[in-house]
Amino acid sequence: MSHTLGVRQAQKQKTRRALLDAALELLEEQSLSSLGLREVTRAVGVAPTAFYRHFRSIEDLGVALVEEALGSLHPMIRTIVSTTGDGEERIARAVELIAGHVDAHPAHVRFIARERHGGVQAVRAAIRNQLALFAVEVGEALAEDPVSAGWGEEDLVMLAQLYVDQMLGTASLFLEAPAGEARERVFRMAVRRLRLIGTGRAHWLDGGVGG
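All of the points below concern the structure found in this document. Position numbers for residues count from 1 along each chain, tracking the sequence in the order it is written. Totals for whole chains, interfaces and linings use every residue, but because this is a predicted model, local features are given only for residues with pLDDT of at least 70 and side-chain atom pairs only at 80 or more, for both listing and counting. Heavy atoms throughout the structure, all of them, feed into the side-chain values; hydrogens and water do not.

### Things to note about the side chain of Gln166
Okay, so step 1: Numbering of helices and strands runs from the N terminus; a helix is a DSSP stretch of H or I covering at least four residues, while a strand is a stretch of E covering at least two. Positionally, Gln166 belongs in helix H8 (residues 153–176).
Okay, so step 2: Burial classes follow relative accessibility: with a 1.4 Å probe on protein chains only, a residue under 20% of its type's maximum area counts as buried, one over 50% as exposed, and anything between as partly exposed. For Gln166, a relative accessible area of 11% gives the class buried.
Okay, so step 3: Contacts: residue pairs with any heavy atoms within 4.5 Å of one another. Each residue touching Gln166, except ones within four places of it in the same chain, is listed here: Ala190, Arg193, Leu194 and Ile197.

Following this line, the structure appears as structure tokens:
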């Protein structure tokens, strides 16, 4: 009996994974608001009724994709926070990490970029909530950096949001410029923007600027 249950559970997980993968592939060319349930199940080769064993709706599937996509972004942004600081080499390494993440997870990056301000409210809310929680985590990491000595919690979260927004924006730009001179322009601009954030961070408390 336990073996049978194990096989069924494995098959269920396999079908769920297939639905997520099919949806992500279909979303390469369209937004979630235009994606149909039958379109997804047809791509997987299962009956539409099978969809409801895994997700309540397309919106529910979209929220699951948010969790998966941002899950892949978290390690990258954490690493960037730890490497970004004084020094051009550290900033350049941070931008290289973003470019590498886009190359490894283009569908995830495209999904978040498109749906962050897309037409499905539940998905927009899921992205917003996940990013807000993540900004708090990043703010806590930034608080341990000596450069942040004397900063208040609100300012640390604001700085974390700047870093997170910059990383997401840069990732989106790399999607549209996968190679050549266009990619170099994105790289240079990302370096300049991180340098600007770093300069402002270093002088935030000078003369009451951050007050």
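### Observations concerning the packing of aromatic side chains
Okay, so step 1: A pair of aromatic rings is counted whenever rings of Phe, Tyr or Trp (Trp by its six-membered ring) have centres within 6.5 Å, and the orientation is called stacked for planes under 30 degrees apart, edge-to-face for over 60 and tilted otherwise. Enumeration over the complete set of coordinates arrives at 3 aromatic pairs.
Okay, so step 2: Ring geometry for Phe51 against Tyr52: centres 5.7 Å apart, planes inclined by 85°, an arrangement best described as edge-to-face.
Okay, so step 3: A ring pair is formed by Trp151 and Trp204, whose centres lie 6.2 Å apart and whose planes are at 35°; its orientation type is tilted. Of this pair, Trp151 sits in the loop between helix H7 (121–143) and H8 while Trp204 sits in the segment after helix H9 (180–202), and the two are 53 residues apart along the sequence.
Okay, so step 4: The class for Trp204 is partly exposed, based on a relative accessible area of 22%.
Okay, so step 5: Put simply, the rings of Phe51, Tyr52 and Phe55 touch in pairs and so form one group of aromatic residues.

### Notes on a negative patch on the surface
Okay, so step 1: Patches draw on residues past 30% relative accessible area with no salt bridge. Two like charges within 9 Å are joined, as are two nonpolar side chains (Val, Leu, Ile, Met, Phe, Trp, Tyr) within 5 Å. The Shrake-Rupley method, run with a 1.4 Å probe sphere, supplies the accessible areas, and residue values consider only the shown protein chains as cover. Counted as salt bridges are all cases of a side-chain nitrogen of Lys or Arg within 4 Å of a carboxyl oxygen of Asp or Glu. His is not counted, nor are the chain ends; Lys and Arg add positive charge and Asp and Glu add negative charge. Each charge is placed at NZ for Lys, CZ for Arg, CG for Asp and CD for Glu. Taken together, Glu140, Glu144, Glu153 and Glu154 make up a surface patch of like negative charges.
Okay, so step 2: Overall, Glu140 belongs to the exposed group, its relative accessible area being 51%.

### Focus: the environment of Trp204
Okay, so step 1: For Trp204 and Val44, which are 160 residues apart along the polypeptide, the C-alpha to C-alpha distance reads 53 Å.
Okay, so step 2: Of note is the side chain of Trp204, whose polar atom sits 2.9 Å from the side chain of Asp155. Any N or O atom pair separated by 3.5 Å or less is treated as a polar contact, with the protein-specific requirement of one donor-capable and one acceptor-capable atom, and with residues adjacent in sequence counted only for side-chain atom pairs.

### Quick notes on the pattern of salt bridges
Okay, so step 1: One pass over the structure, following the stated rule, counts 9 salt bridges.
Okay, so step 2: Close ionic contact of Asp60 with Arg56 constitutes a salt bridge, the shortest N to O distance being 3.5 Å.
Okay, so step 3: Judged by its relative accessible area of 17%, Asp60 is buried.
Okay, so step 4: On the basis of relative accessibility, which here comes to 68%, the residue Arg56 falls in the exposed class.
Okay, so step 5: One network of salt bridges, in which partners are shared, links Arg17, Asp21 and Glu68.

### Description of the packing of helix H6 (residues 106–115) against H7
Okay, so step 1: Relative to each other, H6 and H7 sit at 110°, their axes nearing to 10 Å. Taken as axis vectors, H6 and H7 run roughly perpendicular relative to one another. For the pair H6 and H7, the contacting residues are Phe111, Ile112 and Glu115 in the first and Val123, Arg124 and Ile127 in the second.
Okay, so step 2: Looking at the contact of H6 with H7, its residues break down into 4 nonpolar, no polar and 2 charged. Lines fitted to C-alpha atoms define the axes, with helix axes restricted to the stretch in contact, and inter-axis angles between N-to-C directions lie between 0 and 180 degrees. Should an angle fall under 35 degrees it is taken as roughly parallel, and over 145 as roughly antiparallel, whereas 65 to 115 is taken as roughly perpendicular and any remaining angle as oblique. Under the scheme applied, nonpolar residues are Ala, Val, Leu, Ile, Met, Phe, Trp, Tyr, Cys and Pro; charged residues are Asp, Glu, Lys and Arg; polar residues are all the others, including Gly.

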